[in-house]
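As a plain string of letters, each chain reads:
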Amino acid sequence: MKNSDKFKLNERYLIFLIQRKIPLILFFGVLLIFLRQVDYFIDPRFWAEEATIYFKNAYDTKSLKNFFPPQLGSYSLYNQIAAYIALLVPLKYAPFVTTTISVVPIYLVFYLSIVTRNSYLRTFEQRVIFATLMILISSGEIWLNTITSQFWFALCVLLIIIDRRPHSIQIKIFYAAVVFMASLTGVIALFLIPLAIA
């Protein structure tokens, strides 16, 4: 069997999975994130610098003046965006906004774990187990806060680097956006960027 035939077969299998299994698995990811710490959604909180630096700066200036200067040694773009979006609601709901926004990078790790193809997680079942474990065994300290989104974004960049499937232009744009956000959110991803570009 030629390599091109294998890719066609894998492509057909991938389309089948997307149509059948993946939507259910991806919904399972959202549910798992929510159920892991339900009280963070019922009684949300700001986490450390989320309140004392990012939200405080956004709240004090109510302008983009403090949006671009680096905070704590890096740009923390994602944290800044979350803080400014949280300004759009009354103060008592602001922690709910930042908590909800912090779901995105965690979910991206889950999603990329499922859809990427690499030599480490060869089967669909292995990818589902890995994605589930990423949510279940991650430290409670990095759970559902924008401050630690840099670690989740670094994992996203790593999963993008090891993805070996052929990429459409849409996937390349999506990956570029994730790598861009990761590189401006924390220093960890910066060390991986040269590998992502290669």
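Residues numbered from 1 in each chain as written. Predicted model: local features only at pLDDT ≥ 70, side-chain atom pairs only at ≥ 80, totals over all residues. Heavy atoms only, no water.

A.B. asks: When you look at the packing of helix H7 (residues 103-115) against helix H8 (residues 124-136) in this model, what are you seeing that I'm missing?
C.D. replies: A pair of packed helices can be characterised by two numbers: the angle between their axes and the separation between those axes. Where H7 contacts H8, the axes come no closer than 8 Å and their chain directions differ by 165°. On the basis of their axis angle, the class for H7 and H8 is roughly antiparallel. For the pair H7 and H8, the sense of crossing is right-handed. Only Phe 124, Arg 127, Val 128, Phe 130, Ala 131, Thr 132, Met 134 and Ile 135 of H8 make contact with H7, whose side of the interface consists of Ile 106, Val 109, Phe 110, Ser 113 and Ile 114. Residues that form the contact of H7 with H8 fall into these classes: ten nonpolar, two polar and one charged. (Axes fitted to C-alpha atoms, helices over the stretch in contact; angles between N-to-C directions. Helix = DSSP H or I, 4+ residues; strand = E, 2+ residues; numbered from the N terminus. Parallel < 35°, antiparallel > 145°, perpendicular 65-115°, else oblique. Left-handed = near helix turned anticlockwise from the far one by under 90°. Contact = heavy atoms within 4.5 Å. Nonpolar A, V, L, I, M, F, W, Y, C, P; charged D, E, K, R; others polar.)

A.B. asks: Would you mind going over the pattern of salt bridges with me for this structure?
C.D. replies: Between side chains of opposite charge, a pair can form as their charged atoms come close. Enumeration according to the criterion identifies one salt bridge in this entry. A salt bridge links Lys 56 to Asp 60, with the shortest nitrogen-to-oxygen separation between them at 2.8 Å. With Lys 56 and Asp 60 both in helix H4 (residues 49-61), this residue pair falls four residues apart, about one helical turn. A residue is classified by how much of its surface remains accessible, and Lys 56, at 42% relative accessible area, is partly exposed. (Salt bridge = Lys/Arg side-chain N within 4 Å of Asp/Glu carboxyl O. Buried < 20%, exposed > 50% of the residue type's maximum accessible area, 1.4 Å probe, protein only.)

A.B. asks: Mind showing me how you'd approach the packing of H4 against helix H5 (residues 77-86) here?
C.D. replies: Between H4 and H5, whose axes approach to 8 Å, the crossing angle comes to 50°. Taken as axis vectors, H4 and H5 run oblique relative to one another. Relative to H5, H4 is oriented so that their crossing is right-handed. For the pair H4 and H5, contact is made by Tyr 54, Phe 55, Ala 58 and Thr 61 and by Asn 79, Gln 80, Ala 83, Tyr 84 and Ala 86, respectively. Residue composition of the contact of H4 with H5, grouped by class: six nonpolar, three polar and no charged.

A.B. asks: Help me understand the packing of aromatic side chains, please; the structure alone is not making it clear to me.
C.D. replies: One pair of aromatic rings is described through two measures. These are the centre distance and the angle between the planes. A full pass over the atoms with the stated rule returns eight aromatic pairs. Where Phe 46 meets Phe 55, the ring centres are 4.9 Å apart and the plane angle is 35°; that geometry is what we call tilted. Among the residues examined, Phe 46 registers a relative accessible area of 22% and is labelled partly exposed. Where Phe 174 meets Tyr 175, the ring centres are 6.0 Å apart and the plane angle is 45°; that geometry is what we call tilted. Owing to a relative accessible area of 31%, Phe 174 belongs among the partly exposed residues under this scheme. Pairwise contacts between aromatic rings join Phe 46, Phe 55 and Tyr 59 into one cluster. Looking at Arg 36, its charged tip hangs above the ring of Trp 143, at a distance of 4.3 Å from the centre. (Phe/Tyr/Trp six-rings, centres within 6.5 Å; stacked < 30°, edge-to-face > 60°. Lys NZ or Arg CZ within 6 Å of the ring centre and 35° of its normal.)

A.B. asks: Is there a simple way to think about H4 in this case?
C.D. replies: One turn of an α-helix holds 3.6 residues; hence residues three or four places apart share an orientation. The first and last C-alpha atoms of H4 sit 17 Å apart over 13 residues, in line with the 18 Å expected at 1.5 Å per residue. Residue Phe 55 marks the point of greatest curvature in H4, where the axis turns by about 40°. Among the residues making up H4, those that are buried are Glu 50, Ile 53, Tyr 54, Phe 55, Asn 57 and Ala 58. The inward-facing, buried residues of H4 abut H5 and helix H6 (94-101). Following H4 by one or two positions, Lys 62 has its phi on the positive side, about 50°. (Expected span 1.5 Å × (residues − 1). Bend = angle between axes of the 7 residues up to and from the residue.)

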